[in-house]
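Architecture and fold: a report
Letter by letter, the chains look like this.
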Amino acid sequence: LGQEARQEKDAELEDLDNDQHMGYEGLPEKPLADLPAEKLLAASREVMEQILRPLCPDASLEVALGDERVDVSVGCGDDAALLIGREGQTLAAMQYLLTRIVGRSVGAAVNMHLDIGDYRKRQDDKLRELALILADRVRESGRAQFTRPLSSYHRRIVHMALQGEEDLITRSKGEGALKRVSVALRSGSGGPTRRQERR
């Protein structure tokens, strides 16, 4: 990628990172490695247990530190759909609460990633597959293709899935929290091409 194209992609991903920090208001941002690990893990577990207790008292819970975030995984059997909600809205609301409360307890913005019954993993895999399908359509037709409106988290999945495709450019389009991702040929990359093998 050229310097200008790299800057465009970096700016787009930075915007998405900023969008993801919903709930960080008033909290300083610190590297995860600078935060007290034991306190962070204990707070994450305690808050999540309190949220889950009235909804799914027998839920299994795993909390772990990733490179840049705290991963919280919940197993709740047949009650998982209740916790996930329509299009993951209940899950997103719980993650927001978790982010706010844990952040306050450790005095810093914390990137929390909540998954319930592997819902997010399955959704992420589907979005990556969709991104590759849209990329093929763009190459075949020469015309831009669009996703449905997506949250900043889901837009990031699409952007990241295609960031290594040098002939394509992705952008977020629209207003508000939900925007579409457009996938288009990068200018100067030529017209439609035959379907390329996926790497």
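In what follows, the accompanying structure is described. (Residues numbered from 1 in each chain as written. Predicted model: local features only at pLDDT ≥ 70, side-chain atom pairs only at ≥ 80, totals over all residues. Heavy atoms only, no water.)

1. Quick word on the pattern of salt bridges
Summed over all chains, the structure comprises 5 salt bridges. A salt bridge links Asp-125 to Arg-128, with the shortest nitrogen-to-oxygen separation between them at 3.1 Å. On the criterion of helical spacing, the pair formed by Asp-125 and Arg-128 is a turn pair, its members being 3 residues apart in helix H5 (residues 119-141). Among the residues examined, Arg-128 registers a relative accessible area of 36% and is labelled partly exposed. Salt-bridge contacts for Arg-139 lead to Asp-167; the nearest nitrogen and oxygen are separated by 2.8 Å. Residue Arg-139 is located in helix H5, and its partner Asp-167 is located in the loop between helix H6 (152-162) and strand S5 (168-173); the two are separated by 28 residues in the primary sequence. (Salt bridge = Lys/Arg side-chain N within 4 Å of Asp/Glu carboxyl O. Helix = DSSP H or I, 4+ residues; strand = E, 2+ residues; numbered from the N terminus. Buried < 20%, exposed > 50% of the residue type's maximum accessible area, 1.4 Å probe, protein only.)

2. A look at the sheet that holds strand S4 (residues 145-146)
Reading across the sheet, the 3 strands line up as S4-S6-S5 and stay open at both edges, with antiparallel pairing between neighbours. Edge positions in the sheet fall to S4 and S5, since each has one partner strand and no second. In terms of strand pairing, S4 meets strand S6 (residues 180-185) through 2 bridges, oriented antiparallel. Among the inter-strand pairings, Gln-145 is bridged to a residue of S6, identified as Val-183. (Pairing = 2+ DSSP bridges.)

3. Some thoughts on the side chain of Gln-95
Relative to the elements of secondary structure, Gln-95 occurs in helix H4 (residues 89-106). Sequence-distant contacts of Gln-95, that is, excluding residues within four places in its chain, are made with Met-112, His-113, Leu-114 and Arg-120. (Contact = heavy atoms within 4.5 Å.)

4. Some words on the sheet that holds strand S2 (residues 70-75)
Pairing is mixed in the open sheet, where 3 strands are placed in the order S1-S2-S3. Lying at the two open borders of the sheet, with one neighbouring strand each, are strand S1 (60-65) and strand S3 (112-116). The average undirected angle you get between the axes of adjacent strands in this sheet is 15°. The strands touched by H4 are S2 and S3; relative to S3, the strand with the most contacts, the crossing angle is about 145°. (Axes fitted to C-alpha atoms, helices over the stretch in contact; angles between N-to-C directions.)

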